[in-house]
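Fold and contact review
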Amino acid sequence: MNQSLNVLLFGITRDIAGKSVVPCALSGNATVSDLLDYLKQEYPPMAGISSLLVAVNGEYAEPATRLAANDEIAIIPPVSGG
Amino acid sequence: MTTTLLPIELKRYQKHLNLPEIGQEGQIKLKNSKVLIVGAGGLGCPVLLYLTAAGVGNIGIVDHDVVDISNLQRQVLYTTNEIGKHKAKSAVAHLQKLNPELTFDAYTVALEYSNARAIIEEYDIVVDCTDNFKVRYLINDICVSLGKPFVYGAIHRFEGQIAVFNAVLDPEKGQRGPTYRCLFPELPGEIEIPNCSDTGVLGVLPGVIGTYQASEVIKLITGIGEPLKEHLVMLDLLNVSTQKIKVKRRADAEEQARQGLQHRQQVAVKTNEPSKISVQELANRLMNNEEVFLLDVRERPEYELCHIDGAVLIPVSMIPNNLKRIPADRPVVVYCHHGIRSANVIDYLFAQTGRTNLYNLTGGIHAWATEIEPEMATY
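Residues numbered from 1 in each chain as written. Chains lettered and ligands numbered in written order. Predicted model: local features only at pLDDT ≥ 70, side-chain atom pairs only at ≥ 80, totals over all residues. Heavy atoms only, no water.

**Things to note about the packing of helix α6 (residues 113-120) of chain B against helix α7 (residues 133-146) of chain B**
Residues and elements named next belong to chain B. At a minimum axis distance of 10 Å, the contact between α6 and α7 shows a crossing angle of 45°. In terms of their interaxial angle, α6 and α7 are classed as oblique. Of the two elements, α6 crosses α7, and the hand of that crossing is right-handed. Along its contact with α6, which presents Tyr113, Ala116, Arg117 and Ile120, the element α7 presents Leu138, Ile142, Cys143, Ser145 and Leu146. (Axes fitted to C-alpha atoms, helices over the stretch in contact; angles between N-to-C directions. Helix = DSSP H or I, 4+ residues; strand = E, 2+ residues; numbered from the N terminus. Parallel < 35°, antiparallel > 145°, perpendicular 65-115°, else oblique. Left-handed = near helix turned anticlockwise from the far one by under 90°. Contact = heavy atoms within 4.5 Å.)

Structural data, given as structure tokens:
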């Protein structure tokens, strides 16, 4: 079964996508790593960012973490400004 | 170490003393503490103002930069007549007036591998208010190796991040919280993620994020509340939303920091400082019709406002896709507004191509306009 997840974007990823929330169509048993692959395919400039933190339900998520339909997912890139 | 407050301090800190959570005991802890602020820019200004007002006894400020008119939109410590003066020294002059009882040390150098350990060693807590990844990772790696906590803040357009890294979680077990590398293991290339000199930033944003950092420092020193030792907070001013993300320390946090420092040591041995060229020397070379490729890496509106005759515009973000346009057979002089973005581009080009025909124009187009072409527009 496929699922559509709403993903919150921050920093440069938000600038790349041009919006702060993007719907992502993924398979039912998709992982964090699948989500990143999907985003990099949809928005190629994201592939150039070496570290992207993914948070699921308010916690740092490992690449193998499975995603479910109601998860709150955030993509957090490093930010350099000061 | 002091164990008492002077009568004048009892008056100055009355509103802290009235808080049972702080009281005399907390105020004495603040008085005895040593805090280093790295970067006296947008984030550094509010951190410095509030820690000075709060009575942090010893405050160190590292910043090699001078005040520029474009800083004044958000760097609220400085005044228009201080343009061109060292930020660290101007900051101390203001802060001493605010609180003459405190000790300030101004370091008008860039924090780098060769000096970071000696400077940081002197302090209990570091506040990361820098504007580039290189120094952020350096602060992380040195603090992890010295066992010091650091309070992190970073800004992008309308949003900011705050966290406390490498802080003691359980004093009995000596357990520490996550580090910056636990969130973002690898140092990103400087041109991968734009900084505020490229993208712009809402002036009030560093004020908000910096005051959060100051608050975290005070909580760490006095031991009150719950500092962000295991959380990253993201704050978006446009819709006033916050996200609080729980982060764990990775088992290899120390090893990553150690490798980071080892790598810097090797690089320091292998490569020289990037080549520089002064505006005067460039002017001489151009006058002698020497073949030089002038590369302007600013954004298009900046280029349209002013540029050096014959310069080719490739904004920082476009560099990776335009490597072929940069010649290898003659000197390439790279410039931006003040010489920071161009230095990053040279680092990137060196890493990607190993080119050694790259020269950074010292002081950027601003220096060129001041010294060579006074009729040129400045900004």
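**Overview of the sheet that holds strand β14 (residues 332-335) of chain B**
All names here are of chain B. One open sheet holds the five strands; their spatial order is β11-β15-β14-β12-β13, and the pairing between them is parallel. Strands with a single pairing partner mark the edges of an open sheet, and in this sheet they are β11 (276-277) and β13 (312-313). Across two bridges, the pairing between strand β12 (residues 293-296) and β13 is parallel. Bridged to aspartate 296 within β13 is leucine 313. (Pairing = 2+ DSSP bridges.)

**A short note on unusual backbone geometry**
The residue Asn57(A) is not glycine, and still its phi comes out positive at about 50°. Structurally, Asn57(A) is set in the loop between β3 (53-56) and β4 (59-60). Of note, the phi angle at Arg157(B) is positive, near 55°, even though the residue is not glycine. Note on placement: Arg157(B) falls in the loop between β5 (150-156) and β6 (159-165).

**Details of the UniProt feature "domain: Rhodanese" (unreviewed entry) in chain B**
Annotation from UniProt places "domain: Rhodanese" (unreviewed entry) at residues 288-377 of chain B. In this annotation, residues 288-377 of chain B is assigned 31% helix and 16% strand; the end-to-end C-alpha distance for the span is 25 Å. (UniProt positions renumbered as here; feature names shortened; annotations may be inferred.)

**A word on the interface of chain B and chain A**
Interfaces are frequently sized by the accessible area removed from exposure as the parts join. Facing the 38 residues of chain B at the interface are 24 residues of chain A. Regarding the contact of chain B and chain A, the summed buried area is about 2,500 Å², with carbon and sulfur atoms giving 58% of it. Our count for the contact surface shared by chain B and chain A stands at three salt bridges. Here Arg14(A) makes a salt bridge to Glu159(B), at a shortest N to O gap of 3.7 Å. Looking at side-chain class alone, the side of chain B that touches chain A contains 19 nonpolar, eight polar and eleven charged residues. (Buried area = accessible area lost by both parts, 1.4 Å probe. Salt bridge = Lys/Arg side-chain N within 4 Å of Asp/Glu carboxyl O. Nonpolar A, V, L, I, M, F, W, Y, C, P; charged D, E, K, R; others polar.)

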